[in-house]
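Given next are the chains, with one letter for each unit.
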Amino acid sequence: MRNVLSVTSECVPLIKTGGLADVAGALPAGLATTGWQARTLLPAYPGLLDKAGAKKQVFTFKDLMGGKARVMAGTVDGLDVLLLDAPHLYDRPGGPYGNPTDFPDNPVRFAALSYAAAQIARQGLSDGWKPQVLHAHDWQAGLAPTYLNLGGRHDVTTVMTVHNIAFQGLAPAAMLGVLGLPVSSFTSEALEYWGQISTLKAGLVDADAITTVSPTYAAELMRPEFGMGLEGLIAHRAGDLSGILNGIDMDIWNPATDPEIASYSVTSLKGKAKNRKALMAEFGLSKIDGPLGIIVSRLTAQKGMDLIAATAEQFIAEGGGLAILGSGDPAIEDQMRLLARNHPGKVGLRIGYDEALSHRMFGGGDMVLVPSRFEPCGLTQLYGLRYGTVPVVAATGGLADSVINANTMANASNASTGFQFHPIDALAFGHCLRNAALMFRDKAAWSRLQKRGMKQSLGWEASSTAYAALYERLTK
C-alpha cells in the first residue's frame, strides 16, 4: 500500500460549503481499491476533533504562523483524517472562510495548512506514516508544493487539483514575509499575479502535475475566457495537465435507499410520481401539466441564474413549474423572489441550503436545470442522472462531458441522457427548455431518457483509477 496526503480546506462528512468537500471526502475510498491509502489533512474547525474522534497526536509545531499547533489523527465514516489543531487560526465561529464575510487573515490561515502539509510530507508522522504523493486541492492548499520545494531536495511528488480557477487565493505582496515566502518568488514566472500573491498560481507553477475536474474544463482553462488570467501558464504546462471527471457517492445518492424519499429504481419509477406530488406540496405548487424543473444551486451569474429569470415566463406558459433552492447574489435572490411572487403555485423558492431537501428535490423533480456559464465539473447534473431527474445543462466543462444531448441521432441510437444548449444565453436556453418540455409529453420517450441516465456509471471507480495511474507515473 502506497500513501497519498490529500490537503483540503473542507471534506465531507466533516465540513462542506461546496463540491470540493464532496470530492475530498469520496476520493480516498475509491483510491483504496487501487492500492493507495489516503489520509486527508484539513483544519480543525470547531467541533471537528470530537466529530472525528481525533485523540492521537501525530505531529507538532512550536510556532505555526503565530501560535502552537498539533496534528491529530482520527477516523470518521471510514475516512482517515488529520486535523490541524491551531486554535489561533481556526477556533472561531462561522464558516471555514468567514462569518459571514471572509476572515481578513485567510491568507495566513491557509498558508499554515499548506506549510503543515509540506512538513508532514517531508518528515512523515510520528506513527510512521509518510506519503509518496502530496495532493493539494484548490488555492487553500496551493502553497503546499511551494513550501515543499523551498525546503530543498525531497522524495515526494506533488499534484495540484483546480476545482474552480475563479478562486485564486490572493494576498498583498506585503505578506511575503508573514507567509515565509522569499522575495525572489515574487515574479511573473512564480507566484506573482497582477501585483499580488496568488497561492493557486504558486501551486500551478510548483506542482509536478496539474489536474482539474473534467476533460473539457482542462481544455477550457487554456483559453482567456475561462483561464482567469492564468491561461498562459496552464497552456505552458499542458503536458502536465489532466482532466479527470469527478464521481459521486453512489450509496448516499441512491433513489432505491434514500431515506428522504419514496424509493424507486431504474426497473420501476413508480415512486418518483409520489415524490413529485410530495415535493409540489412542500413548495406550495399547484397543478403542473408540464415538467417540474428543480434548481439546486448558488444563485449567481456564474451559475446562469439570471438565465432562469429570463426564461421562466416562457417555461411556465408552456406548462412547466420550478422549485428553487439556493442562495447567493442578493440581486439574483430578489429576481427569484419576484418570480415566486408573480407565479404563485408555479414557482416555489427556498433561500438557503438544506441537504435533506435537496435529496427530496432530486427524488421528485422531472428535470434539473444547470445553465452555468462555466462549470469545472458539476455534481448537480450527476445527481440528476442518478435520480432520473433529466439534466438540462449548458455545454461547458464537466456538464458537456457528463450529459449526452438528446438530439436526433443520440435519441435514435438510444444514447441521449439529457439536454445541452450553446451558446450560453437566454435564447439558446429557452429553446432547449422548449425541446425538453416537448419530449416530456411523450411519456415513453421521457421514461427511456430517464432510465438511460440512471444506468450511467457515475461513481468514483473510473476517476480513482485515473488518479492512481497518475500517482504511479509520477512516483516512477
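Residues numbered from 1 in each chain as written. Predicted model: local features only at pLDDT ≥ 70, side-chain atom pairs only at ≥ 80, totals over all residues. Heavy atoms only, no water.

**Q** Describe the overall build of the protein chain, listing the residues and the values that go with them.
**A** The helix and strand inventory of the protein chain stands at 19 helices and 18 strands. Taken over the C-alpha atoms alone, the protein chain extends approximately 65 × 45 × 45 Å along its principal axes. Across the 476 residues that make up the protein chain, the buried fraction comes to 58%. Split by element, the accessible area of the protein chain, about 18700 Å² in all, is 54% carbon and sulfur. One finds the centroid of the 41 positive side-chain charges in the protein chain at a distance of 6 Å from the centroid of its 42 negative side-chain charges. (Helix = DSSP H or I, 4+ residues; strand = E, 2+ residues; numbered from the N terminus. Buried < 20%, exposed > 50% of the residue type's maximum accessible area, 1.4 Å probe, protein only. Areas by Shrake-Rupley, 256 points an atom, 1.4 Å probe, with all protein chains shown as cover. Lys, Arg positive; Asp, Glu negative; His and termini not counted. Charge placed at Lys NZ, Arg CZ, Asp CG, Glu CD.)

**Q** Which residues make up the sheet that holds strand β15 (residues 347-351), and what are the values?
**A** Here six strands make up an open sheet; going across it, the order is β15-β14-β13-β16-β17-β18 and the pairing parallel. Both outer strands of the open sheet, β15 and β18 (419-421), are each paired with one neighbouring strand and no more. Put simply, the sheet's adjacent strands are angled 15 degrees from each other on average, direction ignored. Where strand β13 (residues 292-296) meets strand β14 (residues 321-326), five bridges bridge the pair, whose relative direction is parallel. When the bridges of β14 are listed, Val296 appears paired with Leu325. Where helix α17 (residues 426-440) meets the sheet, its contacts fall on β16 (367-370), β17 (390-394) and β18, and the angle it forms with β18 comes to roughly 160 degrees. (Pairing = 2+ DSSP bridges. Axes fitted to C-alpha atoms, helices over the stretch in contact; angles between N-to-C directions. Contact = heavy atoms within 4.5 Å.)

**Q** Describe helix α19 (residues 461-475), listing the residues and the values that go with them.
**A** Between its first and last C-alpha, α19 extends 21 Å over 15 residues, near the 21 Å set by a 1.5 Å rise per residue. When we look at burial in α19, the residues that qualify are Ser463, Ser464, Tyr467, Ala468, Leu470 and Tyr471. All buried residues of α19 fall inside an arc of 155 degrees around its axis, so they share one side. When the buried face of α19 is taken as reference, the exposed residues oriented beyond 90 degrees from it are Glu461, Ala462 and Arg473. (Expected span 1.5 Å × (residues − 1). Arc of directions from axis to C-beta.)

**Q** Outline the nonpolar core, supporting the account with residue identities and numerical values.
**A** Core analysis: the biggest nonpolar cluster contains 74 residues, and Leu41, Val71, Leu83, Leu84, Leu134 and Leu204 have the highest contact counts within it. With ten residues, the single largest contributor to this core is helix α4 (residues 106-123). With residues near it in sequence (within four places) discarded, Leu83 still touches Leu14, Leu42, Pro43, Ala44, Leu48, Leu49, Ala52, Ala54, Arg70, Val71 and Met72. In terms of nonpolar packing, the next biggest core, distinct from the first, is built from 33 residues, Ile332, Ala394, Phe440 and Leu449 among them. (Core = buried A, V, L, I, M, F, W, Y, C linked by side-chain atoms within 4.5 Å.)

**Q** Give a description of the environment of Arg92 that names residues and reports values.
**A** Note that Arg92 resides in the loop between α3 (87-90) and α4. In this structure, Arg92 is in contact with Pro46, Phe103, Asp105 and Arg109, ignoring residues within four places of it in sequence. Side-chain polar atoms of Arg92 contact the backbone oxygen of His88, separated by 3.3 Å. In this structure the side chain of Arg92 is engaged in a polar contact, spanning 3.3 Å, whose partner is the backbone oxygen of Leu89. (Polar contact = N/O pair within 3.5 Å; in protein donor to acceptor, adjacent residues only side chain to side chain.)

**Q** Would you mind going over the layout of surface pockets in detail, with residue names and values included?
**A** Within this model, the second largest pocket holds a volume of roughly 840 Å³. In this structure, the second largest pocket is lined by 36 residues; those nearest its centre are Gly25, Ala26, Ala29, Asp249 and Ile252. Per-element tally for the lining of the second largest pocket: the top contributor is helix α1 (residues 19-32), with eight residues. Looking at the lining of the second largest pocket residue by residue, the class counts come to 20 nonpolar, eight polar and eight charged. (1 Å grid on protein atoms, 1.4 Å probe; cavity = no way out; pocket = protein on both sides within 12 Å on 5 of 7 lines; lining within 4 Å. Points joined across faces, edges and corners; volume = space filled by probe spheres on them. Nonpolar A, V, L, I, M, F, W, Y, C, P; charged D, E, K, R; others polar.)

**Q** Residues and numbers for the packing of helix α10 (residues 270-282) against helix α13 (residues 355-364), please.
**A** Where α10 contacts α13, the axes come no closer than 7 Å and their chain directions differ by 125 degrees. It follows from the interaxial angle that α10 and α13 lie oblique. Handedness of the crossing formed by α10 with α13: left-handed. Contact residues: Lys272, Asn275, Arg276, Leu279 and Glu282 in α10; Leu357, Arg360, Met361, Phe362, Gly363 and Gly364 in α13. Residues that form the contact of α10 with α13 fall into these classes: four nonpolar, three polar and four charged. (Parallel < 35°, antiparallel > 145°, perpendicular 65-115°, else oblique. Left-handed = near helix turned anticlockwise from the far one by under 90°.)

By themselves, these figures tell us nothing about what the structure is for.
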